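# Remarks on the overall topology
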Amino acid sequence: MNEKVMRAVCYESYGSGSEGLKHVQVPIPKPKRDEVLVKVEASCPNPIDYKLQGGIARPFMPKKFPYIPVTDISGEVVEIGSDVQFQVGDKVVAMLTYTNGGGLGEYAVAPAKLTVKRPEEVSAVEGAGLPLAGLTALHVLTILGHVEIKSGGKAANVLVIAASGGVGHYVVQLAKLGNNHVTATCGARNIELLKSLGADEVLDYTTEDGKMLRSPSGCKYDVVINCATSEIPWLTYKQNLSEQGRVVHLNPDGKTMMKSVSLKLSCSRKKVTSLMMCPKKKEDLEFLVGLVKEGKLKTVVDSKYPLAEAEQAWAKMMGGHATGKIVVEP
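Residues numbered from 1 in each chain as written. Predicted model: local features only at pLDDT ≥ 70, side-chain atom pairs only at ≥ 80, totals over all residues. Heavy atoms only, no water.

Below, the discussion takes up the overall build of the chain. Within the chain one finds 10 helices and 15 strands. Radius of gyration (C-alpha) of the chain: 20 Å, near the 20 Å computed for a compact globule of 330 residues. Over its C-alpha atoms, taken along the principal directions, the chain stretches across nearly 65 × 40 × 40 Å. Looking at the chain as a whole, 53% of its 330 residues qualify as buried. (Helix = DSSP H or I, 4+ residues; strand = E, 2+ residues; numbered from the N terminus. Rg over C-alpha atoms; globule rule 2.2 N^0.38 Å. Buried < 20%, exposed > 50% of the residue type's maximum accessible area, 1.4 Å probe, protein only.)

So, in structure tokens, the structure goes:
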């Protein structure tokens with residue numbers, strides 16, 4: 001490579017949102033023995049990125065400033081460490097570490113253990129949306145929600161709240177891989193989109209039925225995946241859950257934690273579970289990439305921004321109303 005430096009976007013302190021982002025030129029990073037250097041073709045910010053900037057993990061992350069945020073990328077391998085199986089020229093999807101970050105740059109160093117090959121059927125944009133949002137969707141649905149996603153598996157009635165967002169739109173599609181009935185909630189503008197992704201029923205969350213989570217067909221939910229940040233009263237859930245129904249919260253608060261404990265202590269057959277941490281497994285990322293290759297999973301793109309307009313992408317993400325994923329392209 002002839003390039004000695006690269007363009008990147010960083011922040012130098014906690015807080016300040018999109019206004020705290022700065023465009024800089026920094027040295028191109030070098031991969032360690034178990035890493036690869038990727039020329040970034042697309043990256044996708046996630047809510048955790050602006051939360052880290054806001055100080056949610058202070059003082060542990062970021063460990064040092066300036067910090068180049070974003071962990072979900074796809075691109076081409078241009079340099080490899082001594083202990084990896086990739087080759088220069090491989091197209092890949094990768095999840096960077098939060099410690100190092102690096103996604104909002106022209107090049108990024110990725111750990112080989114969270115890097116997978118990207119087949120030609122999967123575009124850079126489709127791949128970049130998958131790591132955190134896709135892995136989270138898979139985990140909350142199958143591990144925390146106990147929903148089977150194999151054809152011919154046990155059927156479940158699944159409700160996905162805030163289903164048009166980055167995680168929610170993947171949850172809907174993954175649930176429909178199995179023999180499941182999926183009800184989704186969203187704003188009116190995304191109803192047809194969710195139907196096209198496979199949802200059997202879609203509720204406008206601003207209507208009375210949407211607020212009360214009432215299924216149009218009258219079914220009771222075996223699993224509720226709540227991707228929203230706002231809290232819903234337990235009574236609303238309880239009235240709509242099956243006898244052994246469970247609620248999985250992606251953004252739990254103190255009340256959610258207390259309800260989970262109280263249900264356990266009362267030996268209730270209904271349960272509340274919270275996402276505390278999503279395991280990142282290479283085989284799961286390979287599975288998701290394979291689904292995209294086979295046409296069984298789509299990354300819905302809300303908007304695309306060049307790296308020069310990363311502040312706009314950041315502000316859009318912080319607004320909380322994106323449909324699917326926001327993409328930054330160097």
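The next subject is the sheet that holds strand 9 (residues 181–186). Across the sheet, which stays open at both edges, the 6 strands sit in the order 10-9-8-11-12-13 with parallel pairing between neighbours. Edge strands, defined here as strands with exactly one partner in the open sheet, are strand 10 (201–204) and strand 13 (271–274). Strand after strand, the sheet turns through a mean of 15 degrees between neighbouring axes, direction not considered. Bridging between strand 11 (residues 221–226) and strand 12 (residues 241–249) involves 5 bridges; their strand directions are parallel. Bridge pairing in strand 12 links Asn226 to His249. Most of the contacts of helix 3 (residues 131–144) go to strand 12, to which it runs at about 150 degrees, and overall it touches strand 8 (157–161), strand 11, strand 12 and strand 13. (Pairing = 2+ DSSP bridges. Axes fitted to C-alpha atoms, helices over the stretch in contact; angles between N-to-C directions. Contact = heavy atoms within 4.5 Å.)

All right, on to the packing of aromatic side chains then. All told, the structure shown has 4 aromatic pairs when counted by the stated rule. Ring centres of Tyr11 and Phe65 lie 6.1 Å apart, and the angle between their planes is 50 degrees; on these two criteria the pair is classed as tilted. Residue Tyr11 is found in strand 1 (residues 5–11), and its partner Phe65 is found in the loop between helix 1 (47–54) and strand 4 (72–80); the two are separated by 54 residues along the sequence. Exposure remark for Tyr11: the relative accessible area of 0% places this residue in the buried category. Through pairs of rings, three or more aromatic residues link up here, namely Tyr11, Tyr14, Phe65 and Tyr67. (Phe/Tyr/Trp six-rings, centres within 6.5 Å; stacked < 30°, edge-to-face > 60°.)

Our next topic: the packing of helix 1 against helix 10 (residues 310–319). The interhelical angle for the contact between helix 1 and helix 10, taken along N-to-C directions, is 95 degrees, at an axis separation of 9 Å. Taken together, the axes of helix 1 and helix 10 lie roughly perpendicular to each other. Between helix 1 and helix 10, the residues in contact are Pro47, Asp49, Tyr50 and Gln53 and Trp314, Met317 and Met318, respectively. A class-by-class count of the residues in the contact of helix 1 with helix 10 yields 5 nonpolar, 1 polar and 1 charged. (Parallel < 35°, antiparallel > 145°, perpendicular 65-115°, else oblique. Nonpolar A, V, L, I, M, F, W, Y, C, P; charged D, E, K, R; others polar.)

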